[in-house]
Amino acid sequence: MPRSKAEIAQRTEGDRAAQPSTQPRPAPQSLQVLPETHTQLAQPAKEVPQGIKSAQEPPKKRRRKSPPLEADDEFSALLDQATPTADGEKVKHAAPAGKKYISSLFSSMPEIREPVVQTQPRPSVLTPSNAPTLDGSFESLGISSVLSKHLTSEKMNLQRPTTIQQLAVPFFTRQSQSEQRDAILRAQTGSGKTLAYLLPILQDLMALSNAFAAEGKTLDRSVGTLAIIIVPTRELANQICEVATKLLSFASERSSDQGSKTVSHRWLIPGLLSGGAHRQHEKARLRKGVPLLVATPGRLIDHLQTTRSFRLAGEPERPKQQSKPKKPSEEDDFDIEDRPYVRPEGAADDEDSEEDFTLPQSRSYRPRKPMYQPVKEIDARLHLRWLVLDEADRLMDMGFEPQITSVLEECAKRQSRSSTARRTILCSATMADGAAKLATMALRDPLLIKGDGDAPPGTQQNGATVDRFAPPSQLTQSYIMTAPKLRFVCLVALLRQIFTRGLRKTNDRGKKVLVFMTCTDAVNYHWTALGGLSMERSVEQEAGKPKPESLSVQSQLLGKVPIFRLHGNLELATRLGSLKAFSESDSGILLCTSLAARGLDVPFVSNVIQYDLPTEGGATEYIHRVGRTARAGNVGEAWAFVLPTEAGWVDWVQNKMKSNSVSDAPKALSDMREVAANEILSKGFGGEDYETRATDVQMNYERWVESKPEYGAAARKAFTSHVRAYATHPSEEKAFFHVKNLHLGHLAKAFGLRDAPAGLGGAVGRAQQEMKTKRAKADASDDEPEMGKSGKPMIPRSGRALDGGRMHAAKAGQIGEFAVGGASMVESMLKRKR
Ligand SMILES: Nc1ncnc2c1ncn2[C@@H]1O[C@H](COP(=O)(O)OP(=O)(O)OP(=O)(O)O)[C@@H](O)[C@H]1O
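What you are looking at is a predicted structure, and each value in this text was computed from that prediction instead of being measured.

Quick notes on the rules
- Residues numbered from 1 in each chain as written.
- Predicted model: local features only at pLDDT ≥ 70, side-chain atom pairs only at ≥ 80, totals over all residues.
- Heavy atoms only, no water.
- Core = buried A, V, L, I, M, F, W, Y, C linked by side-chain atoms within 4.5 Å.
- Buried < 20%, exposed > 50% of the residue type's maximum accessible area, 1.4 Å probe, protein only.
- Helix = DSSP H or I, 4+ residues; strand = E, 2+ residues; numbered from the N terminus.
- Contact = heavy atoms within 4.5 Å.
- Pairing = 2+ DSSP bridges.
- pLDDT = per-residue confidence, 0-100.
- Near = heavy atom within 4 Å.
- Polar contact = N/O pair within 3.5 Å; in protein donor to acceptor, adjacent residues only side chain to side chain.
- Areas by Shrake-Rupley, 256 points an atom, 1.4 Å probe, with all protein chains shown as cover.
- Phe/Tyr/Trp six-rings, centres within 6.5 Å; stacked < 30°, edge-to-face > 60°.
- Lys NZ or Arg CZ within 6 Å of the ring centre and 35° of its normal.
- Axes fitted to C-alpha atoms, helices over the stretch in contact; angles between N-to-C directions.
- Parallel < 35°, antiparallel > 145°, perpendicular 65-115°, else oblique.
- Left-handed = near helix turned anticlockwise from the far one by under 90°.
- Salt bridge = Lys/Arg side-chain N within 4 Å of Asp/Glu carboxyl O.
- Domains from an automatic or database assignment.
- Buried area = accessible area lost by both parts, 1.4 Å probe.
- Nonpolar A, V, L, I, M, F, W, Y, C, P; charged D, E, K, R; others polar.
- Expected span 1.5 Å × (residues − 1).

Undergrad: Describe the nonpolar core, listing the residues and the values that go with them.
TA: Formed by 82 residues in total, the largest nonpolar core has its most connected members in Val515, Ile609, Trp649 and Leu681. For this core, the leading source of residues is helix 15 (residues 487–504), giving 10 residues. Apart from residues no more than four positions distant in its own chain, Val515 is found in contact with Leu491, Leu495, Ile589, Leu590, Leu591, Cys592, Ile609 and Tyr611. Counting residues in each nonpolar core, the second largest holds 52 residues, with Leu208, Leu219, Ala313 and Leu382 among its members.

Undergrad: I'd like to hear about the sheet that holds strand 16 (residues 553–554), residue by residue, with values.
TA: Reading across the sheet, the 8 strands line up as 16-17-18-15-19-20-14-21 and stay open at both edges, with mixed pairing between neighbours. Either end of the sheet is taken by a strand with one partner, and the two such strands are strand 16 and strand 21 (673–676). Relative to strand 20 (residues 636–642), strand 19 (residues 607–610) runs parallel, the two sharing 4 bridges. In the strand pairing of strand 20, Asn607 is matched with Glu637.

Undergrad: Go over the confidence of the model for the chain with me, naming the residues and quoting the values.
TA: Overall, the prediction assigns the chain a mean pLDDT of 72, with 60% of residues at 70 or greater. Of the regions scoring below 50 in pLDDT, residues 8–101 engages in 205 contacts with residues more than four places distant in sequence or in other chains. Predicted complex metrics record ipTM = 0.99 and pTM = 0.75.

Undergrad: Pulling in residues and values, what's your account of the site of the ligand?
TA: The full set close to the ligand counts 22 residues, and Arg160, Gln165, Lys193, Thr194 and Asp601 are the nearest of them. Between Arg628 and the ligand, the recorded distance is 2.9 Å, taken from a side-chain N or O atom to an oxygen atom. Within the side chain of Arg631, one N or O atom sits 2.8 Å away from an oxygen atom of the ligand. With the chains in place, 83% of the 640 Å² that the ligand exposes on its own is no longer accessible.

Undergrad: Any details on the packing of aromatic side chains? Residues and values, ideally.
TA: Tallied over the entire structure, the rule returns 13 aromatic pairs. Centre to centre, the rings of Phe172 and Trp386 are 5.5 Å apart; their planes meet at 75°, and the pair counts as edge-to-face. Residue Phe172 is found in helix 7 (residues 163–173), and its partner Trp386 is found in strand 9 (residues 386–390); the two are separated by 214 residues along the sequence. The buried category is assigned to Trp386, whose relative accessible area is 1%. Arranged with centres 5.9 Å apart and planes meeting at 65°, the rings of Phe564 and Phe582 form a pair that is edge-to-face. Pair noted here: Phe564 is in strand 17 (residues 562–566) and Phe582 is in helix 17 (residues 572–584), with a separation of 18 residues, a long-range link. Under the relative-accessibility criterion, Phe564 is labelled buried at 4%. Judged by its relative accessible area of 0%, Phe582 falls in the buried class. An aromatic cluster is present here, built from Tyr525, Trp704, Tyr711, Phe719 and Phe751 joined pairwise through their rings. The cationic tip of Lys217 hangs over the ring face of Phe212; the distance from NZ or CZ to the ring centre is 5.5 Å.

Undergrad: Go over the packing of helix 7 against helix 8 (residues 193–214) with me, naming the residues and quoting the values.
TA: Between helix 7 and helix 8, the least distance of the axes is 9 Å, while the angle of their chain directions is 25°. It follows from the interaxial angle that helix 7 and helix 8 lie roughly parallel. With respect to the hand of their crossing, helix 7 and helix 8 are arranged in right-handed fashion. Residue-level contacts link Ile164, Gln165, Ala168, Val169, Phe172 and Thr173 of helix 7 to Lys193, Leu195, Ala196, Leu199, Pro200 and Gln203 of helix 8.

Undergrad: Break down the sheet that holds strand 9 for me, with residues and values.
TA: With respect to topology, 7 strands assemble into an open sheet ordered 7-8-4-9-10-3-11, the strand pairing being parallel. Edge positions in the sheet fall to strand 7 (270–273) and strand 11 (447–450), since each of these pairs with one other strand and no more. Across the sheet, the mean angle separating the axes of adjacent strands is 15° when strand polarity is ignored. Pairing geometry for strand 3 (residues 183–186) and strand 10 (residues 423–428), over 4 bridges, is parallel. In the strand pairing of strand 10, Arg186 is matched with Ser428. Against the sheet, helix 7 contacts strand 3, strand 9, strand 10 and strand 11, and its axis sits at roughly 150° relative to strand 11. The sheet contacts of helix 14 (residues 433–442) involve strand 3, strand 9 and strand 10, and relative to strand 10 the element is tilted by about 175°.

Undergrad: How would you sum up the pattern of salt bridges? Please name residues and give values.
TA: Inspection of the entire model under this criterion finds 28 salt bridges. We note a salt bridge from Asp601 to Arg631, for which the minimum N-O separation is 2.7 Å. Of this pair, Asp601 sits in the loop between strand 18 (588–592) and strand 19 while Arg631 sits in the loop between helix 18 (618–626) and strand 20, placing them 30 residues apart in sequence. Under the relative-accessibility criterion, Arg631 is labelled buried at 14%. Between Glu702 and Lys749 there is a salt bridge, and its shortest N-O distance comes to 2.9 Å.

Undergrad: Could you give me a rundown of the domain arrangement of the chain, with the residues and numbers involved?
TA: According to the domain assignment, the chain contains domain 1 (138–251 + 264–314 + 380–450) and domain 2 (475–537 + 548–702). Both faces combined, the contact of domain 1 with domain 2 buries some 1500 Å², and carbon together with sulfur accounts for 54% of it. Ranking the residues of domain 1 by area buried against domain 2 places Thr189, Glu235 and Arg394 at the top, with a combined share of 38%. Inspection of the region where domain 1 meets domain 2 yields 5 salt bridges. Taking the shortest distance from any N to any O, the salt bridge between Asp393 and Arg598 comes out at 2.9 Å. Put simply, the parts of the chain that give the side of domain 1 that touches domain 2 at least two residues each are helix 9 (234–247) and helix 12 (392–397). A per-element tally of the side of domain 1 that touches domain 2 places helix 9 first, with 5 residues. In terms of residue class, the side of domain 1 that touches domain 2 is built from 3 nonpolar, 9 polar and 6 charged.

Undergrad: Tell me about helix 22 (residues 690–707), residues and numbers included.
TA: In an α-helix, one turn spans 3.6 residues, which is why side chains three or four residues apart end up on the same side. Its 18 residues give helix 22 an end-to-end C-alpha distance of 25 Å, which sits within 8% of 26 Å, the value for a rise of 1.5 Å per residue. Burial within helix 22 is extensive, with 18 of its 18 residues counted as buried.

Undergrad: How would you explain unusual backbone geometry if you had to name every residue and give the values?
TA: Across residues other than glycine, the phi torsion is negative in most instances, and most of the peptide bonds are trans. Positioned with a positive phi, Asn157 is a non-glycine residue whose angle comes to about 55°. Judged by its relative accessible area of 52%, Asn157 is exposed. Phi at Asp445 takes a positive value of approximately 45°, unusual for a residue other than glycine. Structurally, Asp445 is set in the loop between helix 14 and strand 11.

Undergrad: Describe the environment of Thr615, naming the residues involved and giving the relevant values.
TA: Tracing the backbone through its elements, the reader meets Thr615 in the loop between strand 19 and helix 18. For Thr615, a relative accessible area of 9% translates into the label buried. Sequence spacing of Thr615 and Tyr726 is 111 residues, and the spatial spacing of their C-alpha atoms is 6.4 Å.

Undergrad: Break down the packing of helix 13 (residues 401–414) against helix 14 for me, citing the residues and quoting the values.
TA: Where helix 13 contacts helix 14, the axes come no closer than 11 Å and their chain directions differ by 15°. Judged by the angle between their axes, helix 13 and helix 14 are roughly parallel. For the crossing formed where helix 13 meets helix 14, the hand is right-handed. From helix 13, Glu401, Ile404, Thr405 and Leu408 reach across to helix 14, where they touch Lys437, Leu438, Met441 and Ala442. Of the residues contributing to the contact of helix 13 with helix 14, the split by class is 5 nonpolar, 1 polar and 2 charged.

Undergrad: Please set out the pairing of strand 14 (residues 475–481) residue by residue, giving values where relevant.
TA: The buried count for strand 14 comes to 6 of 7 residues, which makes it a mostly enclosed element. Sheet topology note: the strand 14/strand 20 ladder contains 7 bridges and is parallel. When the bridges of strand 20 are listed, Gln477 appears paired with Ala638. The pairing of strand 14 with strand 21 spans 4 bridges and is classified as parallel. Of the residues in strand 21, the one forming a bridge with Met481 is Ala676.

Below, the structure written as structure tokens:
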């Protein structure tokens, strides 16, 4: 029999413990489609281990006395059994007799306005705005037939170019040397910008190799670096390097571009330099030569300044340091770079293996032998031919300006003769102020190439240059207006709804969901709290190499769906391993911070949930986050959790997107649809009795938090960090994200806490103060800012960023709010420069 709200609100733990469920009851609908959950939940309860003390402690605050309730359903009883312990045992966190916990999940609710009813019907036929074109072909882009055939081969499986590829690739491939120009590529998320710059680079380097072959010369990787791609994060660097490797896989076969003469492009080897990786491995790779380099800024400048064997193409070999033979006692201080290099017999020149780099066993010193014959004559064609600044505005937001300035200076210093021949590309889906500034720093007379659906470059509308800056048209955007204390149960319900829908369909490939949270502490905490049996097995704390299976946890509430996490405070191996495992899984959830917002291309992400709205980057960040789904013409859904006090944000963000749209059709699609929290709860918790089930989930959550002191501590830490991060919303957004508007007691429930932790005021004040002072890049040697307690980038007190052992003056960054700028703004800056 369904119970009234008042009954549910007053339900007590003691009552439930006193009256265990005996009546069998059919599993709720959503559980029936999650058979694993049901099976596991149906196991008998075990005794409470002695170590769990906090469940025995009296509740901190007894809110209300309530009459005993009737025995609850099987679902509740089963949830009790589902909470795991450190050793993987399931325990029932029953309160001792006489101890009463009260859940007031659905009482004292804030006023929530009625959901906005959409008057305008959503168009039923969606024309994806970032899909490949219907009539283009790769052959028509001016790339070689080998490359275009490879693109349409089974391996690459691409049929036609996207709009940005159709515009950008011929722009570069058809230029004569005298016409060479830099360019800014701007196109929606998921529109194929990576290939739009990689294809012309490869085409150019292949043509170079053909030209040398025609003169009877052979290029090999020892020519040095001909192209550098700079990206803001390690994940993105890794991803782009993988795309380049896949794209170049054709080169392992012999091509026959040069008439009857066979030309090998095997020397075209991509390499990666990124923070967190082993410098020595990178040095070994650089010593062999890396023609195409993908790098994060801090690590790149570090190697440029310190690794002697890192040569840009055409650069004369650096003079050898006069090192006198060292005594055996001094040898332990040798840098690996200074030791003699021994190539094992049979090791191929163009294998990018670190295994062929061995240290001599002998302790006697032998003079270094050069690995390759030094370049005797410098050919004018050999120089750094390409420099790409991908995710340009993010590079600047993250405070990488000093590193990029140093890279530009270093390149100019080392290549003064041919630096004018370098083509520089700046790339992003959005062009904020930072990108415009970077354009003025790094580009010469650039052309802006926009690949936004129906808006060709330089489109004019009513006399003004139109700037389109919106999520992909085929993306469905919804928001859930929910009371703070219902947030966690709504998240669980939404995830259950998404995965239930996925599993119902036969031949469904599954669902992949990104859940964005404000800070690293919140990600870690929710990962642990949602986690099932493996929740205590934290990979990075285990000795030795991480085991892939330990990168994820499973939740008893979500069946067998693996849950991964990603944020900047994890070890590099865990970050890359989690991302790889999530990418390769059929279904999964990735809890993440904004680290995953830019550039990441995980196949088949079906949903993006912004459980916490971005605290930095405003509408721009929103667009990049939702852009992780609906890529390359695929459909996708985006969800945003909005508190009643944040209602104004919806119109604000929609206006930002609409004001940048070209036509009315995309405007209709970019409208966000409101979905009532009750609807989510009802769908996720199996129908009418959803309040009971949601209350059960919440109570179980709160009991879990109290079951171990460390869980309580983690909950309080996550809550405090979340509120600290919330306090740093920029002033433009304070109207709807003011920390004073937060009902901290209610919000605490979303963290499984019965009360908000004390002493928040100081933490919030400090966070605000920190954000008011400089936002600068913290630990450039590892390429990403070290995260502070709040999970926000740590701001060096001196305002200087450490970079590879050197200190650079860091200017106040643009991490904070920046206007949703656009091409017109970029254009005006460029005009000023000309
Ligand atoms: N011509 C094409 N046809 C089909 N798919 C493509 C094509 N070009 C690229 N893709 C695919 O589209 C996806 C998105 O590409 P990419 O990551 O380059 O987008 P992007 O524009 O850089 O996005 P973001 O702005 O989010 O970084 C990738 O999975 C890529 O393989």
